[in-house]
Amino acid sequence: HRKYRPTPVISIADRQWPNNTISTTPQWCSVDLRDGNQALVEPMNVQQKLRMWDLLVKLGFTQIEVGFPAASQPDFDFVRVLIEEDRIPDNVTIQVLTQAREELIARSYEALKGAKNAIVHVYNSTSPVQRERVFGLDKKGISNIAIQGAKWVKEYAIRQPETNWSFQYSPESFSSTEIEFAVEVSDAVIAEWRDSGNPIIINLPATVECASPNVFADQVEWFCRNTRYRKDITVSVHTHNDRGCGVAAGELAVMAGADRVEGTLLGNGERTGNMDIVTMAMNLYSQGVDPGLNLADMDEIIAVVEHCTAIPLHPRHPYAGELVFTAFSGSHQDAIRKCLSKQQADEPWQVAYLPIDPADLGRSYEAVIRINSQSGKGGVSWVLENDYGLELPRWLQIDASRMVQARAEEISGEVTSAQIWDLFDAHYLQT
Ligand code: KIV
Ligand code: ZN
């Protein structure tokens, strides 16, 4: 029953790559249980983590970063529960974060013992500020840490051959790093890992979003064009939302060549959050690209995220907020009513002011129109027709909506469907 709004035709010359639209969905990696969790006032307990895990699996994520087990005992215990209780479907790969220190890498492998598929994710920071002010190291020192990290990950992987291992390297603060250096470090890490024969992901973070999303996309494109190993690697991005453009940066990065996107459900994560996978996935969906995630029960997603994070969802959050399929102004209501009455089930979605059919997210049309002092005749007649089967002549639409508006002004708020009926009944039917 899915109905897509046709992709707008943008008359830019036919460019293949980098592209000006997204035609295939990227790989998704949820970092709710790691980046999202580390940013909570009260981190999730094992029960909450399990509830989030079950939801992520149900939604269709096949790559899930589950924590930083070498740094946190609850994260270690959680990974053990997943493995020992056999909760990881065969098509799902778990990912753990670690720094490039041997004892932490060893502990990460201990946590992962018995996993079928796993990604060991090593990061170290590469930007000038971090190099000079935090670590007191030059470029050589920073790249040695990363290369040594790859060596250890490779050595420990050989000792646990029952697992299908992948390696992920993140030059943390990539977007604030000299791009030539980011490529140099990553290429050195890839060269170190390559003879293992196992897959490698290079994850490019906008650890702090500090430029507009097109600049980040240019950096990703430059990376893809200049690494010696483009064909041998998966290029991933990990964007944050400090300038409010985390999703835009993720989307432009995919257009610029990235294969994979890390983010969280509804955008939890450090500071202003990680990029919101729900929004990006629904943006793809609304343009006719199957995001490969089942987001049809938005209320369940919100309930689990709010339970696990204790952060209430903003009512205007894209696609998910309580108010996003409502229209308060009369002209919007009128346009929606006309479009809904003409919308055929088997044609692309073409309803003004509603980017998608709310039913595709488990929402219903009933909530679309609310009547307050800003509403015009269209809204009131829609309620009377939709909820009570009354088709009014034009003069009565105008008359009834004036009466309802006067009531809305009187009470300075919303007039419910039942109140509209009572007013209509008292005024026109009882007299
Ligand atoms: O934001 C970041 O850079 C991170 C890395 C660990 C990937 O979370
Ligand atoms: Zn992050």
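Residues numbered from 1 in each chain as written. Chains lettered and ligands numbered in written order. Predicted model: local features only at pLDDT ≥ 70, side-chain atom pairs only at ≥ 80, totals over all residues.

Attention shifts here to unusual backbone geometry. One non-glycine residue, Asp86, lies in positive phi territory at about 55°. Residues other than glycine seldom take positive phi values, yet Ala310 does so here, at roughly 60°. Inspection of the secondary structure puts Ala310 in the loop between helix H11 (298-309) and helix H12 (330-342). (Helix = DSSP H or I, 4+ residues; strand = E, 2+ residues; numbered from the N terminus.)

Around ligand 1, the neighbouring residues are Asp35, Leu97, Tyr123, Ser170, Glu172, Asn203, Pro205, Thr207, His238 and His240. Mapped onto the shell around ligand 1, the elements with two or more residues apiece are strand E5 (164-172) and strand E6 (200-206). (Near = placed C-beta within 6 Å.)

Relative to the 20 Å expected for 14 residues at 1.5 Å per residue, helix H2 (residues 46-59) spans 20 Å between its end C-alpha atoms, a close match to the ideal helical length. Buried within H2 are the following residues: Gln48, Lys49, Met52, Trp53, Leu55, Leu56 and Leu59. An end-on view of H2 places all buried positions within 165° of arc, on one side of the element. For H2, exposure combined with an orientation more than 90 degrees from the buried face picks out Gln47 and Asp54. Just downstream of H2 lies Gly60, where phi reads positive at about 110°. (Expected span 1.5 Å × (residues − 1). Buried ≥ 20, exposed ≤ 12 C-beta atoms within 10 Å, placed from the backbone. Arc of directions from axis to C-beta.)

A rise of 1.5 Å per residue sets the reference length of helix H13 (residues 377-388), with its twelve residues, at 16 Å; its end C-alpha atoms lie 16 Å apart and thus fit the reference within 8%. Listed in full, the buried residues belonging to H13 are Lys377, Gly378, Gly379, Val380, Ser381, Trp382, Val383 and Leu384. The secondary structure elements touched by the buried residues of H13 are H12, helix H14 (394-411) and helix H15 (417-429). In the segment just after H13, Gly389 is the residue with positive phi, at about 65°. (Contact = placed C-beta atoms within 7 Å.)

Let us now look at the packing of H13 against H14. Running from N to C, H13 and H14 point in directions that differ by 100°, and their axes come no closer than 8 Å. One way to sum up the angle between H13 and H14 is to call them roughly perpendicular. Facing Lys377, Val380 and Ser381 of H13, the residues of H14 in contact are Gln397, Ile398, Ala400, Ser401 and Val404. Its residues assigned to classes, the contact of H13 with H14 comprises four nonpolar, three polar and one charged. (Axes fitted to C-alpha atoms, helices over the stretch in contact; angles between N-to-C directions. Parallel < 35°, antiparallel > 145°, perpendicular 65-115°, else oblique. Nonpolar A, V, L, I, M, F, W, Y, C, P; charged D, E, K, R; others polar.)

Each regular strand carries side chains that alternate between the two faces of the sheet. The element strand E3 (residues 93-99) is largely enclosed, with a buried count of six among its seven residues. Summarising the sheet, strand E2 (residues 63-67) and E3 pair through four bridges and their orientation is parallel. Note that in E3 the partner of Gly67 across the bridge is Val96. In this fold, the crossover linking E2 to E3 by way of helix H3 (residues 73-84) has right-handed handedness. Two strands pair when backbone bridges link them, and E3 and strand E4 (residues 117-125) are joined in this way by six bridges, in the parallel orientation. Residue pairing across strands places Thr98 opposite Val122, the latter belonging to E4. In the classification by handedness, the crossover that spans E3, the intervening helix H4 (residues 102-111) and the parallel E4 is right-handed. (Pairing = 2+ DSSP bridges. Right-handed = clockwise from strand over helix to strand, strands pointing away.)

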